[in-house]
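# Fold and geometry: a report
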Amino acid sequence: MASFVIFTDSSTDLPEEWVKRYELEVVQLHLTVSGKEEDPEALDVHTFYDRLRNGEVASTAAPSPGEYTERMEKYLQNGQDILYIGFSEALSATYNNAKVAMEDLSARYPERKLFAVSSLCASTGHGLLVLLAAKQREAGKTIEEVRDYTVETVPHLCHWFTVDDLMFLKRGGRISATTALMGTMLGIKPVLHVDDLGRLINVSKTRGRKASVAALFDKVKTTAIEPSTQLMAICHGDCIEDAKGLAERLKTELSVPEVIISPTGAVIGAHSGPGTLAVFFLGTGR
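Structure report, in brief.

Conventions adopted
Residues numbered from 1 in each chain as written. Predicted model: local features only at pLDDT ≥ 70, side-chain atom pairs only at ≥ 80, totals over all residues. Heavy atoms only, no water. Helix = DSSP H or I, 4+ residues; strand = E, 2+ residues; numbered from the N terminus. Rg over C-alpha atoms; globule rule 2.2 N^0.38 Å. Buried < 20%, exposed > 50% of the residue type's maximum accessible area, 1.4 Å probe, protein only. Right-handed = clockwise from strand over helix to strand, strands pointing away. Phe/Tyr/Trp six-rings, centres within 6.5 Å; stacked < 30°, edge-to-face > 60°. Salt bridge = Lys/Arg side-chain N within 4 Å of Asp/Glu carboxyl O. Core = buried A, V, L, I, M, F, W, Y, C linked by side-chain atoms within 4.5 Å. Contact = heavy atoms within 4.5 Å. Polar contact = N/O pair within 3.5 Å; in protein donor to acceptor, adjacent residues only side chain to side chain. Pairing = 2+ DSSP bridges. Axes fitted to C-alpha atoms, helices over the stretch in contact; angles between N-to-C directions.

In terms of helices and strands, the chain carries eleven helices and 13 strands. Its C-alpha atoms give the chain a radius of gyration of 19 Å, near enough to 19 Å, the size a compact globule of 286 residues would have. Seen through its principal axes, the chain has C-alpha atoms that stretch 60 × 45 × 30 Å. Residues counted as buried form 54% of the 286 residues belonging to the chain.

The buried fraction of strand β7 (residues 114-118) amounts to four of the five residues, a majority that puts the element mostly inside the structure. Of the crossover connections in this fold, the one passing from strand β6 (residues 82-86) over helix α4 (residues 94-108) to the parallel β7 is right-handed.

This next bit is on the packing of aromatic side chains. Applying the stated criterion across every chain yields a total of five aromatic pairs. Between the aromatic rings of F48 and Y49, the centroid separation amounts to 5.3 Å while the plane-to-plane angle is 70°, which identifies the pairing as edge-to-face. The burial state of F48 is the same as that of Y49; both residues are buried. With 5.7 Å between their ring centres and 70° between their planes, Y68 and Y84 make a pair best called edge-to-face.

With that settled, consider the pattern of salt bridges. A side chain with one charge can pair with a side chain of the opposite charge if their charged atoms come near. The tally for this structure, following the rule as stated, stands at 13 salt bridges. Measuring nitrogen to oxygen at the nearest pair gives 3.0 Å for the salt bridge that ties R53 to D238. Taken as a pair, R53 in helix α2 (residues 45-53) and D238 in the loop between β11 (231-236) and α10 (240-254) lie far apart in primary sequence, 185 residues in all. In this structure, D81 engages R112 in a salt bridge whose closest nitrogen and oxygen atoms are separated by 2.8 Å. On the criterion of sequence distance, the pair formed by D81 in the loop between α3 (65-77) and β6 and R112 in the loop between α4 and β7 is long-range, its members being 31 residues apart.

Moving on, we get to the nonpolar core. Ranked by size, the top nonpolar core spans 34 residues in total, and within it I6, L24, L83, I85 and F280 carry the most contacts. Top element by residues in this core is helix α5 (residues 123-138). It accounts for seven residues. The next biggest cluster of nonpolar side chains, apart from the first, holds 22 residues, and it includes V191, L216, V259 and V279.

You can see E25 is positioned in strand β2 (residues 24-27). Each C-alpha atom of the pair E25 and S123 lies 16 Å from the other, and the pair is 98 residues apart in sequence. Ignoring any residue separated from it by four or fewer positions in sequence, one finds E25 in contact with V5, I6, F7, T8, R71 and Y75. Of the polar contacts made by the side chain of E25, one reaches the side chain of Y75; its length is 2.7 Å.

We now examine the pairing of strand β3 (residues 30-33). Successive side chains on a regular strand alternate, one facing one side of the sheet and the next facing the other. On β3, burial follows the alternation: L31 and V33 on one face are buried, whereas H30 and T32 on the facing-out side are not. Strand direction decides the pairing type here: β3 and strand β5 (residues 58-61), joined by four bridges, are antiparallel. Residue pairing for β5: L31 is matched across the bridge by T60. Sheet topology places β3 next to strand β4 (residues 36-38); three bridges connect them, and they run antiparallel. Across the sheet, residue L31 finds its bridge partner in β4, namely E38. Between β3 and β4, which pair antiparallel one after the other, the connecting turn spans two residues, and S34 there sits at a positive phi close to 50°.

Turning next to the sheet that holds β4. Pairing between the strands of a sheet comes from backbone hydrogen bonds, and it takes one of two forms, parallel or antiparallel. Taking strand neighbours across the sheet as the criterion, the three strands line up as β4-β3-β5 in an open arrangement whose pairing is antiparallel. Unpaired on one side and paired on the other, β4 and β5 mark the two borders of the sheet. Along the sheet, successive strands turn relative to each other by an average axial angle of 35°, direction set aside. On the sheet, α2 packs against β3, β4 and β5 and is oriented at approximately 45° with respect to β3.

Pairing within the open sheet is parallel, and its four strands lie in the order β2-β1-β6-β7. Two strands bound the open sheet, and with one partner strand each, they are β2 and β7. Ignoring which end each strand starts from, the neighbouring axes of this sheet average 20° apart. Here strand β1 (residues 5-9) runs beside β2; their pairing, made up of four bridges, is parallel. Note on β2: the bridge partner recorded for F7 is E25. Strands β1, β2 and β6 of the sheet are contacted by α5, whose axis makes an angle of about 180° with β1. Each of β6 and β7 touches helix α6 (residues 143-153); the most contacted strand, β7, lies at about 10° to it.

So this is what it looks like as C-alpha cells:
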C-alpha cells in the first residue's frame, strides 16, 4: 500500500495502465453530449470525435464537493493521508470543489494530512505532473516533500498545442465568431499555451497544419530543460499520425528517451475538438 493517496481528476487524460501502475485515484468530471449525460470512460474516443465532427455538441461539469468527500473519506477512515493535484482552477471549478470537500474533511479528521495543489495544468500536462509526483512518492518521499516538489514543478510544466477546427475555440469563448470564420477560410491554425495562471492563451498563428505542428516542435527545442533526460507527453484529438510524427521528431532530433502518447479524452476534447495536438514537457518557463 502506498504511503499516502494521490487524488486527481479525469482531465489528466492518463492511460489506464499508468493510473493502475501508480495507484492513482481519479475523480470523473461529468460529460453531456447532445443533452444526454454520458460516461466518459465508456465512450470510444474515435466515435466521440466523429460525433463532434457530425455536429453534436458536448459540454462538461465539475464533480461536486460531495463526490470528492465520498471518494476521499474512506481513505481517511483507513488511516491514509491525501495529496490532491487538481485541474487548473482558471479553466474549471473542479479544483475549488475539491478544496471545499477537503476543508470539511480536514475538520472532521484533524489527525490526517490533506494537501491540495492546483496544477494550473490541463489534459496530459496535468497528467504528466501527476506522474512526476507519483514517481517521487515511489522513491520514498514524504507527502510534504511530494507536495513541495509538485508546487515547484508547476511553473516549468509547459503546454503547447494547436487545434484543427477554430469553431470549437469560438464555442468556448476563446475567439470571436468573425475570427473563427476568417481563420477557417484562410487555413489559419493557432498555436496556444497554458500560461502561469493556468489560462489558455493564443500565442501565434500559422498557415496550415504542417506549420502549426512544426511550431510545437520548435517550442520544445527552444525551451525544454535537458530534453534528453525527460519524460514528455503528447495528446491528440483523434489524429494519431500527427502525434506519432511529433514524437518521432522529439526522439530523433532531441534525443527524448520516452514520449507518452494518449488520446485527448472526451472531457477535454469537448472543448478543444477533433484534430487538437498538444505536447507537454518541463521547460525554462511556461
